[in-house]
Amino acid sequence: MFKKTVWIAILITAAAVAQDKPNPAPGPTLRLEYTVVEMEGAKKTSSRTYTMMLEGGKTGRMRTGTRVPFSSGKDQALQYMDVGTNFDARTTMTEGAVRVITIFEISSVTAAEGPSATRAPVLRSCSDNVETVVPLDKQVVLTTQDDPGNNTSLQVLLVIKLVK
């Protein structure tokens, strides 16, 4: 019984000490601007920018997309899948630059061939997990990916700006 009481007292004391500690100073606020460029051969077919405000040292998540219905087969029951763009980022400040971990997934529905009512949609997907150091105010290429099924590629760029 004595040991149990001592452990409870230690836990209560530890909780009280943790509450008395001031929160660490927040890191600087950063604006992360991700640009997704799609190319067909040498021709740019689309460019989209996604912006995230993030306190240094914190993790940010961004989700945008659509739920796409499709028929599951003979019973014609509808099922749904999420397609769109997802970014997760975590930053750490270094001297004049930012170490950033970016995890992203970009998916879309491609044009179906044949009667679309009898087929599930064909999904195009691109994902990566990149850790790099990005100088402030300088755009860098995080990744370039070629689609092996056709003559298209996708490029993800990032510029990080310090919010004053």
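In this convention, every chain numbers its residues from 1, walking through the sequence in written order. In view of the model being predicted, local features appear only for residues whose pLDDT reaches at least 70, and side-chain atom pairs are presented and counted only at 80 or more, with totals across whole chains, interfaces and linings using the full set of residues. Side-chain numbers come from the whole structure's heavy atoms, not from hydrogens or water.

A. Spotlight on the nonpolar core. Ranked by size, the top nonpolar core spans 23 residues in total, and within it L32, Y34, F87, V100, V156, L158 and I160 carry the most contacts. Among the secondary structure elements, those contributing two or more residues to this core are strand 1 (29–40), strand 2 (43–55), strand 4 (78–94), strand 5 (97–110), strand 6 (122–135), strand 7 (140–146) and strand 8 (152–162). Pairs of residues are marked as contacts when any of their non-hydrogen atoms sit within 4.5 Å. The residues contacting F87, other than those within four sequence positions of it, are Y34, V36, Y50, M52, G60, R61, M62, R63, T102, I103, F104 and V156. Take the buried Ala, Val, Leu, Ile, Met, Phe, Trp, Tyr and Cys residues and link them wherever side-chain atoms come within 4.5 Å; each set so joined is a nonpolar core. Buried means the residue's accessible area, taken with a 1.4 Å probe over protein chains only, is under 20% of the maximum for its type, while exposed means over 50%, and partly exposed covers the values in between. Here a helix means four or more residues in a row that DSSP labels H or I, a strand means two or more in a row labelled E, and each is numbered from the N terminus.

B. The sheet that holds strand 2, seen in detail. Only strands joined by at least two bridges in the DSSP assignment are considered to pair. Taken together, four strands build an open sheet; the order of strands is 2-1-8-7 and the sheet is antiparallel. Each edge of the open sheet is held by one strand with a lone partner, namely strand 2 and strand 7. Averaged over all adjacent pairs, the angle separating strand axes in this sheet is 15°, with direction ignored. In terms of strand pairing, strand 1 meets strand 2 through twelve bridges, oriented antiparallel. If you follow V37 over to strand 2, its bridge partner there is S47. Angles shown run from 0 to 180 degrees and are taken between the N-to-C directions of axes, each axis being a line fitted to C-alpha atoms and, for helices, limited to the stretch in contact.

C. Region of interest: the sheet that holds strand 5. As summarised here, the arrangement of the four strands in space is 3-4-5-6, forming an open sheet in which the pairing is antiparallel. Of all strands in the sheet, those bounded by a partner on one side alone are strand 3 (59–71) and strand 6. In this sheet, adjacent strand axes meet at a mean angle of 10° when their direction is disregarded. With 14 bridges connecting them, strand 5 and strand 6 associate as antiparallel partners. In the sheet register, S108 faces strand 6, and the bridge partner there is R124.

D. Representation of the packing of aromatic side chains in the model. By convention, a stacked pair of Phe, Tyr or Trp rings (six-membered ring in the case of Trp) has centres within 6.5 Å and planes under 30 degrees apart, an edge-to-face pair has planes over 60 apart, and any other such pair is tilted. All told, the structure shown has three aromatic pairs when counted by the stated rule. Considering the side-chain rings of Y50 and F87, the 5.7 Å spacing of their centres and the 45° angle between planes classify their relative orientation as tilted. Taken together, the positions of Y50 in strand 2 and F87 in strand 4 put the pair 37 residues apart, joining distant regions of the chain. We classify Y50 as buried; its relative accessible area is 13%. Residue F87 is classed as buried on the basis of its relative accessible area of 0%. Between F87 and F104, the aromatic rings sit 5.9 Å apart at their centres with planes inclined by 35°, giving tilted as the arrangement. Of the two residues, F87 sits in strand 4 while F104 sits in strand 5, which places them 17 residues apart along the sequence. One aromatic cluster is present, built from ring pairs that chain together Y34, Y50, F87 and F104.

Keep in mind that these numbers describe shape and distance, not what the molecule does.
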